[in-house]
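The chain contents come next:
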Amino acid sequence: MPIEASCHCGETVFEVTEAPASVTRCTCSLCAKRGALRAYYTPAQFRLLSPVDNVATYLWGSRTVKHHFCASCGCGTFSESPDWSTGKPDFDNPRVGVNARLFDDFDLDAVPVNVIDGKNLW
């Protein structure tokens, strides 16, 4: 069952195909300051429902990951990146990391949280 998500002002809306089995809290400087809990999907499992013009992008460090946010209210919404599950970027397997805190009508407390030590990994 698809899950819809929206930013604070409602200008950026997206959906994913299913509930996450878990979410990830990263300790890198950007994630720690944003406070996002990420759920990861393939691009086919993600759909932006609002106009792409409502989305702004921040490229940090290696400029490998596109960190998107609402151009109106600034909420961090989703990111596009290679798969990093092996510790190295796999550009053949892109991932979309959505901010699960934005899921509408979803009990985020029922999902386990994995922690990645991004502060010391990159």
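Our structure's up above, just so we're on the same page.
Residues numbered from 1 in each chain as written. Predicted model: local features only at pLDDT ≥ 70, side-chain atom pairs only at ≥ 80, totals over all residues. Heavy atoms only, no water.

Visitor: Could you clarify how one ought to interpret the sheet that holds strand β2 (residues 13-16) in this entry?
Guide: Whenever strands of a sheet pair, they do so through backbone hydrogen bonds, lying parallel or antiparallel. The 3 strands lie next to each other as β1-β2-β5, forming an open sheet whose pairing is antiparallel. Because the sheet does not close on itself, it has two edges, and the strands there are β1 (3-6) and β5 (46-48). On average, adjacent strands in this sheet sit at an angle of 20 degrees to one another, irrespective of strand direction. Relative to β5, β2 runs antiparallel, the two being bridged by 3 bridges. Bridged to E15 within β5 is R47. (Pairing = 2+ DSSP bridges. Helix = DSSP H or I, 4+ residues; strand = E, 2+ residues; numbered from the N terminus. Axes fitted to C-alpha atoms, helices over the stretch in contact; angles between N-to-C directions.)

Visitor: I would appreciate a short explanation of the pattern of salt bridges in the present structure.
Guide: If the charged atoms of two oppositely charged side chains come close together, the side chains can form a pair. In total, this model carries 1 salt bridge according to the counting rule given. R47 is the salt-bridge partner of E15, the closest N and O atoms lying 2.8 Å from each other. Residue E15 is located in strand β2, and its partner R47 is located in strand β5; the two are separated by 32 residues in the primary sequence. By relative accessible area, which is 47% here, R47 ends up partly exposed. (Salt bridge = Lys/Arg side-chain N within 4 Å of Asp/Glu carboxyl O. Buried < 20%, exposed > 50% of the residue type's maximum accessible area, 1.4 Å probe, protein only.)

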